[in-house]
Amino acid sequence: MEYGDVDGVVTRREFKLKRAEQYSGNLYAICHCFYRGSERTFRVDRILSLSHTDLGTIADPVSHFSAFIDPATLPDPDHEAIMARVRPGLRALTWIARSDHELSEDEVQIILRFVDQRSKLAGPSRERTWNRDLARIEIENERSTFDSSAGALARISRTSREAALVREFATEISRLGGDSSAKRAQKLLKIIS
């Protein structure tokens, strides 16, 4: 396929489709990308051209990938509620992790662990389920700015368990991402410290 990412960078990719999912009104193809050598998520409406080894050129990628949607993967209210709750911290952590503009698989895993831990802060009586694959899509597509991250963190109480959790995971991402991530974390964490 020829794919144009959110920043307008066009690449040619060979991939193996794992599944297709719909999230927030967009269709996504979750694939093993041979170009990157790992799992990647592609927003189908950003596919500029598509061909299949057996079928040849596919004129309408959206129709093609829609056939692969598993109805069980459609968002549910519990997932949406959890993602709304974790989004402030998710925005901040993603901005810190994107200091080099590309999220590594390790950074994605750290942020997914944050989502899991943050979702449990409501306690067992309010615990809801969330879809890890859909959360991954949101993380990979998050393009926070400093201002949007700072605004999100400003709504978190400095003394809350949520603020402590954000600080803990920001520190972990900083260690993984080096100096540029550490500088971003310091700048942002002043808001909740």
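Residues numbered from 1 in each chain as written. Predicted model: local features only at pLDDT ≥ 70, side-chain atom pairs only at ≥ 80, totals over all residues. Heavy atoms only, no water.

*Asks:* Give a description of the overall build of the protein that names residues and reports values.
*Replies:* A count of helical and extended segments in the protein gives seven helices and eight strands. The globule rule puts the C-alpha radius of gyration for 193 residues at 16 Å, and the 18 Å found for the protein is close to it. Expressed as lengths along the three principal axes of its C-alpha atoms, the size of the protein is roughly 55 × 40 × 25 Å. Burial statistics for the protein: of 193 residues in total, 44% are counted as buried. Taking the contacts inside the protein whose residues are at least 6 apart along the sequence as the reference set, 63% of them involve residues at least 24 apart. Accessible surface, the protein: about 10100 Å² in total, of which carbon and sulfur atoms supply 48%. Charge separation in the protein, taken as the distance between the mean sites of 30 positive and 29 negative side-chain charges, equals 6 Å. (Helix = DSSP H or I, 4+ residues; strand = E, 2+ residues; numbered from the N terminus. Rg over C-alpha atoms; globule rule 2.2 N^0.38 Å. Buried < 20%, exposed > 50% of the residue type's maximum accessible area, 1.4 Å probe, protein only. Contact = heavy atoms within 4.5 Å. Areas by Shrake-Rupley, 256 points an atom, 1.4 Å probe, with all protein chains shown as cover. Lys, Arg positive; Asp, Glu negative; His and termini not counted. Charge placed at Lys NZ, Arg CZ, Asp CG, Glu CD.)

*Asks:* Explain the packing of helix H3 (residues 105–119) against helix H6 (residues 161–177) to me, using residue names and the numbers behind them.
*Replies:* At a minimum axis separation of 10 Å, H3 and H6 run at an interaxial angle of 170°. By the angle between their directions, the pair H3 and H6 is classed as roughly antiparallel. Packed against H3, whose contacting residues are Asp106, Glu107, Ile110, Ile111, Arg113, Phe114, Gln117 and Arg118, the element H6 presents Glu162, Leu165, Val166, Phe169, Glu172, Ile173, Leu176 and Gly177 at the interface. Looking at the contact of H3 with H6, its residues break down into eight nonpolar, two polar and six charged. (Axes fitted to C-alpha atoms, helices over the stretch in contact; angles between N-to-C directions. Parallel < 35°, antiparallel > 145°, perpendicular 65-115°, else oblique. Nonpolar A, V, L, I, M, F, W, Y, C, P; charged D, E, K, R; others polar.)

*Asks:* Outline helix H5 (residues 146–154), listing residues and values.
*Replies:* Every buried residue belonging to H5 is among Ser149, Ala150, Ala152 and Leu153, and all of these are buried. The buried residues of H5 occupy an angular sector of 160° when the element is viewed end-on, so they sit on one face. Those residues of H5 that are exposed and aimed more than 90 degrees away from the buried face are Asp147 and Ala154. Along its buried surface, H5 packs onto helix H2 (77–97), H6 and helix H7 (179–189). (Arc of directions from axis to C-beta.)

*Asks:* Could you give me a rundown of the sheet that holds strand E3 (residues 15–23), with the residues and numbers involved?
*Replies:* Strand order in the open sheet made by the three strands is E3-E4-E5, with antiparallel pairing throughout. Because the sheet does not close on itself, it has two edges, and the strands there are E3 and strand E5 (38–43). On average, each strand axis in the sheet is tilted by 25° relative to the strand beside it, whichever way the strands run. Pairing analysis gives six bridges linking strand E4 (residues 26–33) to E5, with the strands arranged antiparallel. Of the residues in E5, the one forming a bridge with Cys33 is Ser38. (Pairing = 2+ DSSP bridges.)

*Asks:* Could you give an account of the packing of aromatic side chains, with specific residues and numbers?
*Replies:* Going through the model one piece at a time under the given rule, you end up with five aromatic pairs. Centroid distance Tyr3 to Phe42: 4.9 Å. Interplanar angle 75°. Geometry classified as edge-to-face. Taken as a pair, Tyr3 in strand E1 (residues 2–4) and Phe42 in strand E5 lie far apart in primary sequence, 39 residues in all. Each member of the pair, Tyr3 as well as Phe42, is classed as buried. Through pairs of rings, three or more aromatic residues link up here, namely Tyr3, Phe15, Phe42 and Phe65. The aromatic ring of Trp95 is capped on one face by Arg184, whose charged end is 4.3 Å from the ring centroid. In this structure, Lys187 packs its charged tip against the face of Phe146, placed 4.4 Å from the ring centre. (Phe/Tyr/Trp six-rings, centres within 6.5 Å; stacked < 30°, edge-to-face > 60°. Lys NZ or Arg CZ within 6 Å of the ring centre and 35° of its normal.)

*Asks:* Tell me about the sheet that holds strand E6 (residues 47–49), and please be specific about residues and values.
*Replies:* Two orientations exist for strands paired in a sheet by backbone hydrogen bonds: parallel and antiparallel. Here three strands make up an open sheet; going across it, the order is E2-E1-E6 and the pairing antiparallel. Since the sheet does not close on itself, it has two edges, and those belong to strand E2 (10–12) and E6, each with one partner. Averaged over neighbouring strand pairs, the angle between their axes works out to 30° when direction is ignored. Across three bridges, the pairing between E1 and E2 is antiparallel. Looking across to E2, one finds that Gly4 is bridged to Val10.

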